[in-house]
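# Understanding the architecture of this molecule
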Amino acid sequence: EDVDPKWLREAELKHGRVCMVATVGFFSQQYITFPGFEPSPDALQAVYVAPPGAMAALLFLAGYIESASYGGKLTMLDMFEGD
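Residues numbered from 1 in each chain as written. Predicted model: local features only at pLDDT ≥ 70, side-chain atom pairs only at ≥ 80, totals over all residues. Heavy atoms only, no water.

## Here we look at the overall build of the protein
Threshold: A helix here means a DSSP run of H or I that spans at least four residues, while a strand means a run of E at least two residues long, and both kinds are numbered starting from the N terminus. Exposure categories follow from relative accessible area, calculated using a 1.4 Å probe and restricted to protein chains: below 20% of the type maximum is buried, above 50% is exposed, and the middle band is partly exposed. The contact definition used throughout considers only heavy atoms, calling two residues in contact when any of these lie within 4.5 Å. Here the open area of atoms and residues is found with the Shrake-Rupley method and a 1.4 Å probe, where only the protein chains shown may cover a residue. Charge assignment: positive for Lys and Arg, negative for Asp and Glu; neither His nor the chain ends contribute. A charged residue contributes its charge at one atom only: NZ of Lys, CZ of Arg, CG of Asp or CD of Glu.
Scanning the protein for helices and strands turns up 3 helices and 0 strands. Secondary structure elements of the protein, listed N to C terminal, follow the sequence α-α-α. Structurally, the protein occupies a C-alpha span of about 50 × 20 × 15 Å along its principal axes. In the protein, which comprises 83 residues, the share counted as buried stands at 7%. Long-range pairs, those at least 24 residues apart, make up 40% of the contacts in the protein between residues at least 6 apart in sequence. Looking at the protein as shown, the accessible area adds up to about 6800 Å², and 67% of this sits on carbon and sulfur atoms. Charge-centre separation for the protein: the mean point of 5 positive side chains lies 8 Å from the mean point of 11 negative side chains.

This is the structure:
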């Protein structure tokens, strides 16, 4: 009763989409390499051979997309205001 069903529905959809994109990314990184990254023969070790600056840029980009997708409303208390 403390959790809004809209929040749970949105969270489940988002997690499902992230899992699908992560699966595609896991398999595609064997064949595609971003500029600035060194190719790795083992997909599980790719995060360890990436330059720290490039990893920071990817994490910043992911955070920006997450924040911008809801107009900065990230918590359950303010995401569905006005509905």
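## Here's the deal with the layout of surface pockets
The rolling of a water-molecule-sized probe over the atoms marks out the regions of remaining empty space. Our working rule: A cavity, in this analysis, means grid points on a 1 Å lattice covering only the protein atoms where a 1.4 Å probe fits yet has no way out; a pocket is instead an open set bounded by protein on both sides within 12 Å along at least five of seven lines, and a residue lines either one if it has an atom within 4 Å of a point. Grid points are joined across faces, edges and corners, and a volume is the space filled by probe spheres set on the points. Polar here means any residue other than Ala, Val, Leu, Ile, Met, Phe, Trp, Tyr, Cys and Pro, which are nonpolar, and Asp, Glu, Lys and Arg, which are charged; Gly is therefore polar.
Space inside the largest pocket adds up to approximately 1200 Å³. Lining the largest pocket are 32 residues, and of these Val 21, Ala 22, Gly 25, Phe 34 and Leu 58 lie nearest its centre. Every element with two or more residues in the lining of the largest pocket is listed here: helix H1 (5-28), helix H2 (46-49) and helix H3 (52-69). Taken together, the residues that form the lining of the largest pocket break down as 21 nonpolar, 6 polar and 5 charged.

## Description of the environment of Leu 58
Within the secondary structure layout, Leu 58 lies in helix H3. Taking the relative accessible area as the measure of exposure, Leu 58 reaches 33% and is therefore partly exposed. Through-space distance from the C-alpha of Leu 58 to that of Phe 34 is 11 Å; in sequence the pair is 24 residues apart.

## With respect to H3
The test is simple: A helix's residues, less one, multiplied by 1.5 Å, set its expected span.
Here H3 is 18 residues long and its end C-alpha atoms lie 26 Å apart, about the 26 Å a rise of 1.5 Å per residue gives. Following H3 by one or two positions, Gly 71 adopts a phi angle in the positive range, close to 65°.

## Details of the packing of aromatic side chains
Convention followed: To pair, rings of Phe, Tyr and Trp, with the six-membered ring standing in for Trp, must have centres within 6.5 Å; the planes then decide the type, stacked if under 30 degrees apart, edge-to-face if over 60, and tilted in the middle.
For the structure on display, the rule yields 1 aromatic pair. Their ring planes at 75° and their centres at 5.4 Å tell us that Phe 26 and Phe 27 sit as a pair that is edge-to-face. In this structure Phe 26 comes out as partly exposed when scored by relative accessible area, which is 35%.

## Let's talk about a nonpolar patch on the surface
To keep it simple, the criterion reads: By definition, no residue in a patch forms a salt bridge, and every one has over 30% relative accessible area; like charges are joined within 9 Å, nonpolar side chains (Val, Leu, Ile, Met, Phe, Trp, Tyr) within 5 Å. We count a salt bridge whenever a side-chain nitrogen from Lys or Arg sits within 4 Å of a carboxyl oxygen from Asp or Glu.
Among the surface-exposed residues, Phe 34, Leu 58, Phe 60, Leu 61, Tyr 64 and Ile 65 lie close enough to one another that they form a single nonpolar patch of about 670 Å² accessible area. As for its position among the elements, Tyr 64 is in helix H3. The exposure class assigned to Tyr 64 is exposed, which follows from its relative accessible area of 52%.

Shape is all these values report; function is a separate question.
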